[in-house]
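Here is what each chain is made of, one letter per residue.
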Amino acid sequence: MPKHFLHLADIPASDLRDILDEAHVRKSARGAMPKGAIDKDSPAAGHTLAMIFEKSSTRTRFSFDMAMRQLGGSSITATSHDMQLGRGETVEDTAIVLSRFVDGIMLRANSHETLVSLAQNATVPVINGLTDLNHPCQIMADLQTLEERGRTLKGLELAWVGDGNNVAVSFMHAAAKFGFHLRIATPKGYEVSGQELARARGDGANITTTQIARDAAKDADVVIADTFVSMGDKDADLRLTDLAPYEVTEALMERAQKDALFLHCLPAHRGEEVAASVIDGPQSAVFDEAENRLHAQKAILKWCFSS
Ligand code: CP
Ligand code: NVA
């Protein structure tokens, strides 16, 4: 059975802890090496990752490609439109065929079911590069960022403010695995998936939900925002109106701890989900967070390729 990285809830907490530790070690071991140089131990030598994108990407695409290069392997990228997948070939056949060519597959999918079908039919590891349901690689980078800023995850108070989307879902499951507390503030109609919330709580996550952003942010150690219009969302105008009161402003950040950090997975929309003065201000860790996609994913890839 290949080691897939699809959903944080499916992966033992000790493995996730090991992945984060590996990400820290690997990041610091590189020092000032050029970005294209290969890590000394070259753990993915001889390995090739196929990357398939059904939706746009900047960070996921470039960070996975560079991750494979730094691990001593290589990658092949295609959009689903470039592939027969875009003309109706089944995901099942695609999984079987690609498994004969490559050592792992990363998919960014419109529907989480597509990712699950790919994994069920692949004989190599499959990695979730974001679906409509979740974004687990992103959260590993976010947690790496918090730890390197000196935060201890256990007992940390994180506030999610805005849309109860795919990124929020992965934070809920990470709360169960790493022991931080998560307060989620969403307007009516934009709540996180009830099923995923119940699953995370069943796994031991400490999560509170509210419609009041100021309550979620009060004394928080970390405040997190994401776009109000995710890829695939159709009702952009309505969303921008409904979610506007949930913008992370300086006033909202003042409710949090003085040394609170601001996170955002990017891409960001200044003046919508976050004020420019917050995302470009001293509390923001968003560009370290983006960089850590590379380091966290190297550790994820190594975990997937290990037996
Ligand atoms: N955060 C993130 O996944 O960015 P991309 O959409 O650019 O990959
Ligand atoms: N929630 C966003 C995240 C982008 C990285 C989306 O799904 O579009």
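Procedures and definitions
Residues numbered from 1 in each chain as written. Chains lettered and ligands numbered in written order. Predicted model: local features only at pLDDT ≥ 70, side-chain atom pairs only at ≥ 80, totals over all residues. Heavy atoms only, no water. Pairing = 2+ DSSP bridges. Helix = DSSP H or I, 4+ residues; strand = E, 2+ residues; numbered from the N terminus. Axes fitted to C-alpha atoms, helices over the stretch in contact; angles between N-to-C directions. Near = heavy atom within 4 Å. Polar contact = N/O pair within 3.5 Å; in protein donor to acceptor, adjacent residues only side chain to side chain. Nonpolar A, V, L, I, M, F, W, Y, C, P; charged D, E, K, R; others polar. Buried < 20%, exposed > 50% of the residue type's maximum accessible area, 1.4 Å probe, protein only. Contact = heavy atoms within 4.5 Å.

J.: For this particular structure, what's the right way to read the sheet that holds strand E3 (residues 104-108)?
T.: Strand pairing in a sheet takes place through backbone hydrogen bonds and is either antiparallel or parallel in direction. The 4 strands lie next to each other as E2-E1-E3-E4, forming an open sheet whose pairing is parallel. The open sheet has two free edges, formed respectively by strand E2 (74-79) and strand E4 (126-128), since each of these has just one partner strand. Recorded for the sheet is a direction-independent mean angle of 20° between the axes of neighbouring strands. Two strands pair when backbone bridges link them, and strand E1 (residues 48-53) and E2 are joined in this way by 6 bridges, in the parallel orientation.

J.: Teacher, can you tell me more about the site of ligand 2 here?
T.: Lining the immediate surroundings of ligand 2 are Leu130, Asn165, Asn166, Asp226, Thr227, Ser230, Met231, Cys265 and Leu266. A distance of 2.8 Å is found between an oxygen atom of ligand 2 and a side-chain nitrogen or oxygen belonging to Asn166. The side chain of Ser230 places a nitrogen or oxygen atom 2.7 Å from a nitrogen atom of ligand 2. Looking at the shell around ligand 2 residue by residue, the classes come out as 4 nonpolar, 4 polar and 1 charged.

J.: Sorry if this is basic, but what is going on with the environment of Thr227 here?
T.: Note that Thr227 resides in the loop between strand E8 (222-225) and helix H9 (236-243). Using a relative accessible area of 10% as the deciding quantity, one classes Thr227 as buried. In sequence terms Thr227 and Ile139 are 88 residues apart; their C-alpha atoms lie 15 Å from each other. Apart from the residues within four sequence positions on either side, Thr227 is in contact with Asp163, Asn165, His264, Pro267, His269 and Glu273. Among the polar contacts listed, one links the side chain of Thr227 to the backbone nitrogen of Val229, at a separation of 3.1 Å. There is a polar contact of 3.4 Å between the side chain of Thr227 and the side chain of His269.

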